[in-house]
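Descriptive structure summary
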Amino acid sequence: MKLLIVFLMAALLVASSEAQLERGVKGSVEDAVLVSADDWHGPVAATPLAIWSNDNGTVKQPLLILPKEVSSGNRLGWVEQTDLDRYGAVAVLRTLEAGNITAIIVHGSGDLAKSLVETAHKDGIKAYITATLELPDNSNLKTDDIMHLTQTSNVTSAAQSAFLGEIGLSAPSQNESNVDPKRLQKQSDQENGSYFCPVNPDVRDGLYNNIEKLIEDYKVDGVVLYNFGFQDENYCFCDFCKEKFYKDTGIDLTKIYSSSYNLERWKQWKQEQVLDVVREAKNITTDLGPVKLGVAIGNPFDRSQGYNYADISKIADFTVISPVTAADVKLASGMTDRPVYVRLSDDYVEYTLSAQNVEGAVKYIEDVTSAGAAGLAYEYNVVYTPLWSELEPPSNSAKWLLEQLGGRTLGLGNVSWKCDSNIKANNPYELAEKISERWKSSPGAVIVGDNYTLGLKASTLASYLNWPVLFTGKDLPRETGSALKNLGAKEVVIEGEISGNARSNLSQMNLSLIDDSGDLLLREMKARGFSPNSVVLTNSHDLSLLPPIPKPEFKRAKVGDILVDIDINPAKIPAERAGEIVRLNITLTNANTDVAKDVQLVDLFPSGKLLRWPKASIGEVNITDPYTGEESKPLNAFMDGSLLFWNLDKLEPDKTASLAMEVEILYPMDAGWVQRLIVESPSRTAIWNRMSLLSVRTTGP
Ligand SMILES: [Zn+2]
């Protein structure tokens, strides 16, 4: 019987017209292979290890590409008010959580900041809010940002101002009129600054009251002093400073530039003033909470704003500094035994560290952490840079799959998963060499140069032949040479172009060189009597796992004389996560010259959608269970959905009413799903959104 089979196979061999390459012989491989995503060489070399053909068919071990482990200490999130306004508290938190942050610092105020603290606590994440001497809601940057948002949103000017009003921003003149100019910092010519003066006793009281409010009402885990010093070295010449400086030093504030001693004394005095604020804040946080006191400043060695880092860092429970060199971080963290965090912005990542240079950014993070920083504070927009996907742990689906798979795992490279065995290497050549040791023998290997696209081709051919993939540079690397020797290889397939040097190095090893001009895989299959019955198309631009920047969507309808504008933000939410938030801003504008009376907006949101935080500029909002009429809660919203009523007694001509709220999707959606936000509109009288088009879809896997 055996003889017969051998005979038959020999007959088949003769029958195949073209010469075929002999297959390799694999040793043992774990049940699942996990490979790091930080370098394309890993997944390419791992492919023939996990998936290969032999004469009986194809062997497929699960192969997962996972993010690499980044040792970046504790991870903090830094959230601005504009982030909350744009994306909503829950969405911001969930995105940060996906990157393993353990605490957030919110530079904001109001309901959204408060709800962020609540949600963070539910998720076991610490929440800190900043206390500052900035003018309330008057940051030009912030106004510009939001103005830009509303302008690009195609809404009417009336709707724009309603929107700005709704989120607590209005015409700048109004803000200034609310501010007592005596409280502002001043230059020597009495020009007003844009921060309150930290020496003014009323200002200090206001700041301390705010800290108390944050602790008692917002239930924060800590308060972070931020922008609470002097605007720059040209401030402050306000009346309070004049008086107190004279009282403390006997020097007239007009004389400070007359001698270097006076100037030095003034600088010292300013640092003492700022330090007084830190001390008092520390007393409050200790007595009232106790909660933590953090202090966020810029460069730790810049004292132009009166921040004396050396002293401050000994009082505060932790400090947050701007990105400085690893050497400076070492110096700064050596000056205190309290944790020091480096605050990383998207601008710093994209422009200073360079967006393309993700490896460099990761290295910076690891460098400052090993230099003594307790960790990094990531500004929210960093989640939209290529860096973020490097920091993210394995996705929910990857975790789930790994749990289902069970069995033994093999980790290749720096994988953020605890594996049963690991192959680690100092460079891609060494990694490929170590992977090739899993073959008992192989008559050949597929060689590829520094080219990911060719690497993809090399991996499929290698899988089919059950040969390892090895890499080459300008010269043949020592590791690749020794791998070929250990395999007992007699021939190599060269995928695409490699350098002349590497080619002659290979020839000197007495290997026969086979060039794959692209059709070698097909020829090999044909020679074995196979032809492909399907083709998988891929591209070599799939290395970026960036989360997409949430994009809003705008819808407009006209119902009678009422213009309905709806702004859905974001229109796409991440898949696989329950509790995703879509923010709805609905504006009604009366386009008639008559007053519209008894305007009513009614919408039914399908089951699994919970409406939260409704805020209407005018009128009354009522959200109930559509069947029982009871108050809408997560459980009944999950079963029955939510019914929204918005009643306005009247809407004046040309006037706009706005309603902002969050829609929480209570269940995780699969990738590619599209779900309606509103099922039907059981309107009786005036308006309902003909927004059966309203929907939310998911992004990414
Ligand atoms: Zn002053």
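Look up a bit, the structure's there.
In what follows, the accompanying structure is described.

Thresholds applied
- Residues numbered from 1 in each chain as written.
- Predicted model: local features only at pLDDT ≥ 70, side-chain atom pairs only at ≥ 80, totals over all residues.
- Helix = DSSP H or I, 4+ residues; strand = E, 2+ residues; numbered from the N terminus.
- Contact = placed C-beta atoms within 7 Å.
- Axes fitted to C-alpha atoms, helices over the stretch in contact; angles between N-to-C directions.
- Parallel < 35°, antiparallel > 145°, perpendicular 65-115°, else oblique.
- Nonpolar A, V, L, I, M, F, W, Y, C, P; charged D, E, K, R; others polar.
- Core = buried A, V, L, I, M, F, W, Y, C linked by C-beta atoms within 7 Å.
- Buried ≥ 20, exposed ≤ 12 C-beta atoms within 10 Å, placed from the backbone.
- Arc of directions from axis to C-beta.
- Pairing = 2+ DSSP bridges.
- Expected span 1.5 Å × (residues − 1).
- Right-handed = clockwise from strand over helix to strand, strands pointing away.

What follows deals with the overall build of the protein chain. For the protein chain, the count of helices and strands is 23 helices and 33 strands. Within the protein chain, residue pairs in contact and separated by at least 24 positions form 72% of the contacts whose partners lie at least 6 positions apart.

What follows concerns the packing of helix α2 (residues 41-50) against helix α18 (residues 428-436). In the contact formed by α2 and α18, the axes pass within 10 Å of each other and the chain directions differ by 10°. Comparing their axes, α18 and α2 come out roughly parallel. Where α2 abuts α18, its residues H41, G42, A45, A46 and L49 lie against P428, L431, A432 and I435. Looking at the contact of α2 with α18 residue by residue, the classes come out as 7 nonpolar, 2 polar and no charged.

Membership of the largest hydrophobic core comes to 124 residues, with the highest contact counts inside it found for L76, V92, I104, L116, V223 and A377. Ignoring sequence-local partners within four residues, the contact set of V223 consists of Y128, I129, A131, I211, L214, I215, A281, T285, V291 and L293.

A few words on the environment of I568. Take I568: it is sitting in strand β24 (residues 562-569). Considering only alpha carbons, one finds I568 and E553, 15 residues apart in sequence, at a separation of 5.1 Å.

A separate point is helix α20 (residues 478-487). Residues E479, T480, A483, L484 and L487 constitute the buried set of α20. Viewed end-on, α20 has its buried residues packed into an arc of 135°, placing them on one side of the element. In this structure, α20 carries R478 and K485 as exposed residues pointing more than 90 degrees from its buried face. Packed against the buried residues of α20 are α18, β18 (439-441), β19 (444-448) and β20 (469-471).

It is worth spelling out the sheet that holds strand β22 (residues 512-516) at this point. The strand order β20-β19-β21-β22 describes an open sheet built from 4 strands, whose pairing is parallel. Every other strand in the sheet has two partners, leaving β20 and β22 as the edge strands with one partner each. Strand-to-strand twist in this sheet, taken as the mean axis angle between neighbours without regard to direction, amounts to 30°. Strand direction decides the pairing type here: β19 and strand β21 (residues 491-495), joined by 5 bridges, are parallel. Pairing of V448 across the sheet is with E495, part of β21.

In this section: helix α5 (residues 110-122). For α5, which comprises 13 residues, the first-to-last C-alpha distance of 19 Å matches the rise-based estimate of 18 Å (1.5 Å per residue) to within 8%. Taken residue by residue, α5 has L112, A113, K114, L116, V117, T119 and A120 as its buried positions. Packed against the buried residues of α5 are β6 (74-80), α3 (81-87), α4 (89-98), β7 (103-107) and β8 (126-131).

With that settled, consider unusual backbone geometry. In this structure, P290 follows G289 across a cis peptide bond, with omega equal to -5°. Tracing the backbone shows P290 in the loop between α11 (260-288) and β12 (292-296). A cis geometry characterises the amide bond from N569 onward to P570, with omega recorded as -5°. Positionally, P570 belongs in the loop between β24 and β25 (572-574).

For the rest of this paragraph, the subject is the pairing of β19. Among the 5 residues of β19, 5 are classified as buried, and the element is accordingly described as predominantly covered. Here β19 shows a buried face lined by G444, V446 and V448 and a second buried face lined by A445 and I447. Here β19 pairs with β20 via 3 bridges, running parallel. By the bridge assignment, V448 is partnered in β20 with F471. As for the winding sense of the linkage, the β-α-β connection from β19 through helix α19 (residues 452-465) to β20 is right-handed.

Glancing now at the sheet that holds strand β13 (residues 318-321). Here 8 strands make up a closed barrel; going around it, the order is β6-β7-β8-β11-β12-β13-β14-β15 and the pairing parallel. Pairwise comparison of adjacent strand axes, ignoring direction, gives a mean angle of 25° for this sheet. With respect to the sheet, α5 is in contact with β6, β7 and β8, its orientation differing from that of β8 by roughly 155°.

Judged by how many residues are buried, β21 sits mostly within the fold: 4 of 5 residues are covered. Direction of pairing for β21 relative to β22: parallel, over a ladder of 5 bridges. Bridged to E491 within β22 is S512. Chirality of the crossover, the property in question, places the unit of β21, helix α21 (residues 500-508) and β22 among those that are right-handed.

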